[in-house]
Amino acid sequence: MREEIIKMLKKEGTVPLSGEAIARKLGVSRTTVWKIMRALEADGYTIEGSPRRGYRMLQIPDRLFPSELDAKLSSRIIAPDPTYIHHHHCVDSTNNVLKSMADQGAPEGTVVVAEKQEKGRGRLGRNWSSPAGGGVYLSLLLRPPIPPQHASPLTLLAAVAACIGIRAVLPQLSPGIKWPNDLLLGGRKVCGILCEIKAEMDLVHYLIAGIGINVNTGLEDLPHTLQSSATSLKLENGDRAVSRVAVAAAILQHYDELYCEYLEAGAAPVLARWREYNVTLGRSVKIQNQSGLYAGIARDLDSNGALVVEGDSGELRPFSAGEVVFGTQ
Ligand code: BTN
């Protein structure tokens, strides 16, 4: 009902729509319409209401509501309609929320978005700072028909989707991908991705891709320890605010297109795009993983998305997990 009212008001633009007309069209009472208008105002919509003329939508908040995201999407698998998008004002972690939905049978393409996370999680057990309204925190659910050994390209796909999505909204910015799936702007991290998987030996039950982007986050909103290594789209955009809805929708749209391509053509196109946008290959790197630190030159991705590093004596070694530190850092 709420979604329908938003659509009706947007369609009328500056022409007021009477409460009676809305009530008639939706088959509800005028009091119900009035209550929904109050709820929309509480959510940040500015609605002018005059008893004689009716309602006009004057301003739409930059919040990740299903109706706002859906209006910008024409996707086939990821959020094909607004019922797939679950918006929360505050959660512990969108990945956690989606995980319990997935365990209860939520369909592929389900998306959880939040304005704020209280326990945002990063890779390798780290936290992800998730202040209210500053970032985009979203998780999406895939149920790919593959064994877990073949899942790595899907984590790279998330980085490619975020990279292309951000470039589509802000063509003047050129984020690059640091293996496996961090996005950097000017050498600083603007987006991180945490992919989690539930699988048996030969089948993935589901994969959750959790994407966090610093959109309008100020440096002061980030922990001290990150202030020299992180940035936000706003800071890189000459301190001009960026639409979180536009960024989230663009990422979902590109995720959908890339995932459809992946299902039809396999991992090769994803890997090719990753190579196109990466800022890792050809550089001197140190890979930190459970077995220690390994230094070399990042040479390529193998067909499964592992980073192939050339050591001092020319030997090539693939890494399928770990953290890259650039030689100059
Ligand atoms: C990293 O770079 O360490 C990954 C950060 C991933 C953060 C996102 S925000 C949405 C989703 N929910 C979480 O708790 N984490 C991911």
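Now for a quick tour of the structure. Here the structure is a predicted model, which means the values were calculated and not measured.

**Topic: the sheet that holds strand S9 (residues 203-214)**
Strand order in this open sheet of seven strands is S3-S4-S5-S9-S8-S7-S6, and the pairing throughout is mixed. Strands with a single pairing partner mark the edges of an open sheet, and in this sheet they are strand S3 (85-91) and strand S6 (176-178). Adjacent strand axes in the sheet meet at a mean angle of 20 degrees, parallel and antiparallel pairs treated alike. Of the strand pairs in this sheet, S6 and strand S7 (residues 182-185) are connected by three bridges, and their pairing is antiparallel. Bridging across to S7, Gly176 finds its partner in Leu184. Packed onto the sheet, helix H8 (residues 244-265) meets strand S4 (111-117), strand S5 (135-142) and S9 and runs at close to 25 degrees relative to S5.

**Focus: the pairing of S4**
Where burial is concerned, most of S4 is hidden: six out of the seven residues are buried. As defined by bridge partners, S3 adjoins S4 across six bridges and the pair is classed as parallel. Paired with Cys90 across the strands is Lys116, a residue of S4. Note on the crossover from S3 through helix H5 (residues 94-103) to S4: the handedness is right-handed. Judged from the four bridges that link them, S4 and S5 form a sheet pairing that is antiparallel. Across the sheet, residue Val112 finds its bridge partner in S5, namely Ser139.

**Examining the sheet that holds strand S12 (residues 307-310)**
Strand pairing in a sheet is mediated by backbone hydrogen bonds. Such pairs are either parallel or antiparallel. An order of S13-S12-S11-S10-S14 is seen for the five strands of this open sheet, with the pairing classed as antiparallel. Looking at the sheet topology across the chains shown, the edges are occupied by strand S13 (316-319) and strand S14 (323-326). Neighbour-to-neighbour, the strand axes of the sheet open up by a mean angle of 45 degrees, direction not taken into account. Here strand S10 (residues 284-289) runs beside S14; their pairing, made up of four bridges, is antiparallel. Each residue of the ladder has a partner; that of Ile287, found in S14, is Val324.

**What to know about the packing of helix H6 (residues 152-169) against H8**
Relative to each other, H6 and H8 sit at 135 degrees, their axes nearing to 8 Å. As summarised for this structure, H6 and H8 are arranged oblique, according to the angle between their axes. Here the hand of the crossing between H6 and H8 comes out right-handed. On the side of H6, the interface is formed by Leu154, Leu157, Ala158, Val160, Ala161, Ala162, Ile164, Gly165, Ile166, Ala168 and Val169, while H8 contributes Ala246, Val247, Ala250, Ile251, His254, Tyr255, Leu258, Tyr259 and Tyr262. Of the residues that constitute the contact of H6 with H8, the class distribution is 18 nonpolar, two polar and no charged.

**Focus: the pairing of S10**
Of the two faces of S10, the one lined by Val285, Ile287 and Asn289 is fully buried and the one lined by Ser284, Lys286 and Gln288 carries no buried residue. Hairpin connection from S10 to strand S11 (residues 292-301): two residues lie between these consecutive antiparallel strands.

**Here we look at the pattern of salt bridges**
A full pass over the atoms with the stated rule returns 15 salt bridges. Between Glu20 and Arg24 there is a salt bridge, with the nearest N and O atoms lying 3.8 Å from each other. One end of the pair is Glu20 and the other is Arg24, both in helix H2 (residues 19-26) and four residues apart, which spans about a single turn. Look at the salt bridges and you will find they share partners, linking Lys99, Arg121 and Glu196 into a network.

**Some remarks on the nonpolar core**
In this structure, Leu140, Ile213, Leu233 and Tyr255 are the most contacted members of the largest nonpolar core, which totals 70 residues. Non-local contacts of Leu140, meaning those with residues more than four positions away in its chain, are made with Ile78, Leu98, Thr110, Val111, Leu207, Ile208, Ala209, Leu252 and Tyr255.

**As for helix H9 (residues 268-277)**
All of the buried residues in H9 are Val270, Leu271, Trp274 and Tyr277. Viewed along the axis of H9, the buried residues span an arc of 130 degrees, placing them on a single side of the element. More than 90 degrees from the buried face of H9, the exposed residues found are Ala268 and Glu276. Buried residues in H9 make contact with H6, S6, H8 and S11.

**Describing the side chain of Arg244**
Within the fold, Arg244 resides in helix H8. A polar contact of 3.0 Å, which involves the side chain of Arg244, links it to the side chain of Glu115. A polar side-chain atom of Arg244 sits 3.0 Å from the main-chain carbonyl oxygen of Gly133. Arg244 has contacts with Asp62, Arg63, Leu64, Ala114, Glu115, Gly133, Gly134, Gly135, Val136, Val215 and Asn216, leaving out every residue within four places of it along the chain.

**Regarding the site of the ligand**
Taken together, 19 residues sit near the ligand, with Ser93, Gln117, Arg121, Arg123 and Lys189 positioned nearest. Within the contact set of the ligand, a nitrogen atom lies 3.0 Å away from a side-chain nitrogen or oxygen of Thr94. For the shell around the ligand, the secondary structure elements donating two or more residues are H5, S5, strand S8 (188-200) and S9. No other element matches the four residues that S8 contributes to the shell around the ligand. The residue inventory of the shell around the ligand, partitioned by class, reads five nonpolar, 10 polar and four charged.

About the criteria used
- Residues take numbers from 1 onward in each chain, read along the sequence in its written order.
- In keeping with the predicted nature of the model, local features appear solely for residues at pLDDT of at least 70, side-chain atom pairs appear and are counted solely at 80 or more, and the whole-chain, interface and lining totals rest on all residues.
- The basis for every side-chain value is the complete set of non-hydrogen atoms in the structure, without hydrogens or water.
- Strands are treated as partners if at least two bridges between them are detected by DSSP.
- Each helix is a run of DSSP H or I of at least 4 residues and each strand a run of E of at least 2, with the numbering of both proceeding from the N terminus.
- Geometry is summarised by axes, namely lines fitted to C-alpha atoms with helices restricted to the contacting stretch, and by angles between N-to-C directions that run from 0 to 180 degrees.
- Pairs of residues are marked as contacts when any of their non-hydrogen atoms sit within 4.5 Å.
- In this scheme, a residue with accessible area under 20% of its type's maximum is buried, one over 50% is exposed, and one in between is partly exposed, where area comes from a 1.4 Å probe on protein chains only.
- When the strands point away from the viewer, a crossover counts as right-handed if the route from the first strand across the helix to the second turns clockwise.
- Here the angle decides the label: under 35 degrees means roughly parallel, over 145 means roughly antiparallel, 65 to 115 means roughly perpendicular, and every other value means oblique.
- Note on convention: the crossing is left-handed when the near helix lies turned anticlockwise from the far helix by less than a right angle, right-handed when the turn is clockwise.
- Residue type decides the class: Asp, Glu, Lys and Arg count as charged, Ala, Val, Leu, Ile, Met, Phe, Trp, Tyr, Cys and Pro as nonpolar, and the leftover types, Gly among them, as polar.
- By convention in these notes, a salt bridge is any Lys or Arg side-chain nitrogen within 4 Å of a carboxyl oxygen on Asp or Glu.
- Buried Ala, Val, Leu, Ile, Met, Phe, Trp, Tyr and Cys residues form a nonpolar core when they are joined through side-chain atoms within 4.5 Å.
- The directions considered for the arc run from the helix axis to the C-beta atoms.
- Between N or O atoms, a polar contact is any pair within 3.5 Å; within protein, one atom must be a potential hydrogen donor and the other a potential acceptor, and residues adjacent in sequence are included only when both atoms are from side chains.
- The criterion for a residue being near a molecule or strand is simple. One of its heavy atoms has to lie within 4 Å of it.

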